[in-house]
Amino acid sequence: MSEKKSFVSLNAKYWKHSKAVGLFAHSERLFQKNKNVIDPELTKLNFGTKGLSKAYQSIHQQRQSIKKARNDANTLIEGILAFSNDRFQELEKKLSKQQLREEFDNQLQVLIKKIEKKYKLKFLAYQFHLDEFHVDRKGDKKINYHAHVFFYNYDFETNTSPLRAMKRKDWSTIQDLCGFSFSKWKFRRGISKEKTNREHLEKDDFIKQKHKAALDITLNISNTFKKLIKSVFTLNKNDYKQGIKKFRYYLQELKNIDERAFDEVSSLAEKIIPQTKTRSVKNGKQQYKPKLQSSDRKTT
C-alpha cells in the first residue's frame, strides 16, 4: 500500500486588470457549466468569502485615484492553495461539513494575516472548491481539494507594488507559512517545485497558454539568433564599434525573449568572439578585438 500524502502548497499566478473579471467568474462559479466539475451537487459544498468582484473593483478604484496602474501592471495575485487528496478525505470522514468549513476558514485566516503582514499585499477574498477533479495515473478521477486566494498587489502605505520586490525566497517562505498554518490538521509543506517539477495545473487553459508561449519563444529565438550570427560574421575589421553595437543589441533582444535562452546564447557568443583584448599596429592606430563586458551579462 502506497504512503498516504498530506501536503499543502501554494502556486501563485499574477494577472492584469483586464483578466480579473473572468477569474472571478470561475472562482465564484458564475458560469452555468464547468467541465472540470466532477458533480454539480458537490458545488453546493464550496465555501468562502463573498463579494470578490466588488472588493476588487473598490480597491482598484481607490488605487487609481492615488496612482494609476500601468496597462501591463499585475494588479491581482491569485494563490491556488492545494491540499493532498489522501489527507483531506480523512478529515472529511472525521469532521462534519460545518466543522470542516469552520476549521479550514480559521486556518486560512491565519495564513492570510501572515501574508498580509509580511508582504503588504491586500487580501480580497477566497473560494474553497470541493467539486473539481483530475485524472490520476490509473485513470481514476480524483477530487482537487483547493482554494483560490486573491490579493491586490498594492501597498497603500508606500504607494508601491509589493510583488515587484518579492523574490524566489519569499515564495519559498510562503510555502513554509502554508505548512505552519495547516499543521494543526497534519498537513505539511509541499516539496519544492525544483525537486518534484510538478505544478498545480488548470488543464486546458494552462496547456494552451504554455504551448503558444513555447512556439512564440522558439520563433523569436530562431529569428533573433540568425540576426545575431549575421552581425558577428559581417563584422568589418575597420568598424568594430558598429559591429559590436549590433551584436550587443541582438544579444539584449535574446535576453528579453527568455533569460535562460540568453545564458545559453551568451556562452555560445563568447566562443565566437574572442574575449581577450589584443593590440596590433596598423596605420598608426591600435586595433582591438571585441570583448563582452561584465555589465552585458547580468546574473538573474
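Residues numbered from 1 in each chain as written. Predicted model: local features only at pLDDT ≥ 70, side-chain atom pairs only at ≥ 80, totals over all residues. Heavy atoms only, no water.

**Structural notes on the pairing of strand 3 (residues 74-83)**
Thought 1: Of all 10 residues that make up strand 3, nine are buried, and the element is covered over most of its length.
Thought 2: In this structure, strand 3 lies alongside strand 5 (residues 141-152), joined through eight bridges in antiparallel fashion. Counted as the bridge partner of leucine 76 is tyrosine 152 from strand 5. (Buried < 20%, exposed > 50% of the residue type's maximum accessible area, 1.4 Å probe, protein only. Helix = DSSP H or I, 4+ residues; strand = E, 2+ residues; numbered from the N terminus. Pairing = 2+ DSSP bridges.)

**Focus: the sheet that holds strand 3**
Thought 1: The six strands lie next to each other as 2-4-5-3-1-6, forming an open sheet whose pairing is mixed. Two strands in the sheet have a free side with no partner beyond their single neighbour: strand 2 (47-48) and strand 6 (188-189).
Thought 2: Two strands pair when backbone bridges link them, and strand 2 and strand 4 (residues 122-135) are joined in this way by two bridges, in the antiparallel orientation. Along strand 4, the bridge assignment pairs phenylalanine 47 with phenylalanine 128.
Thought 3: Relative to strand 5, helix 3 (residues 85-94) is tilted by about 95°, and along the sheet it contacts strand 3, strand 4 and strand 5.
Thought 4: The strands touched by helix 4 (residues 97-119) within the sheet are strand 2, strand 3, strand 4 and strand 5, with strand 4 carrying the most contacts at an inclination of about 130°. (Contact = heavy atoms within 4.5 Å. Axes fitted to C-alpha atoms, helices over the stretch in contact; angles between N-to-C directions.)

**Section: empty space enclosed by the protein**
Thought 1: Counted by the stated rule, this structure contains two cavities of 30 Å³ or more.
Thought 2: Estimates place the volume of the largest cavity at around 60 Å³.
Thought 3: When residues of the lining of the largest cavity are traced back to their parent elements, those giving at least two are strand 1 (7-16), strand 3 and helix 5 (168-181).
Thought 4: Taken together, the residues that form the lining of the largest cavity break down as eight nonpolar, one polar and no charged. (1 Å grid on protein atoms, 1.4 Å probe; cavity = no way out; pocket = protein on both sides within 12 Å on 5 of 7 lines; lining within 4 Å. Points joined across faces, edges and corners; volume = space filled by probe spheres on them. Nonpolar A, V, L, I, M, F, W, Y, C, P; charged D, E, K, R; others polar.)

**Re helix 5**
Thought 1: A rise of 1.5 Å per residue sets the reference length of helix 5, with its 14 residues, at 20 Å; its end C-alpha atoms lie 20 Å apart and thus fit the reference within 8%.
Thought 2: Looking at helix 5, one finds that the buried residues are Asp170, Trp171, Ile174, Gln175, Leu177, Cys178, Gly179 and Ser181.
Thought 3: Buried residues along helix 5 sit against strand 1, strand 3, helix 4 and strand 6. (Expected span 1.5 Å × (residues − 1).)

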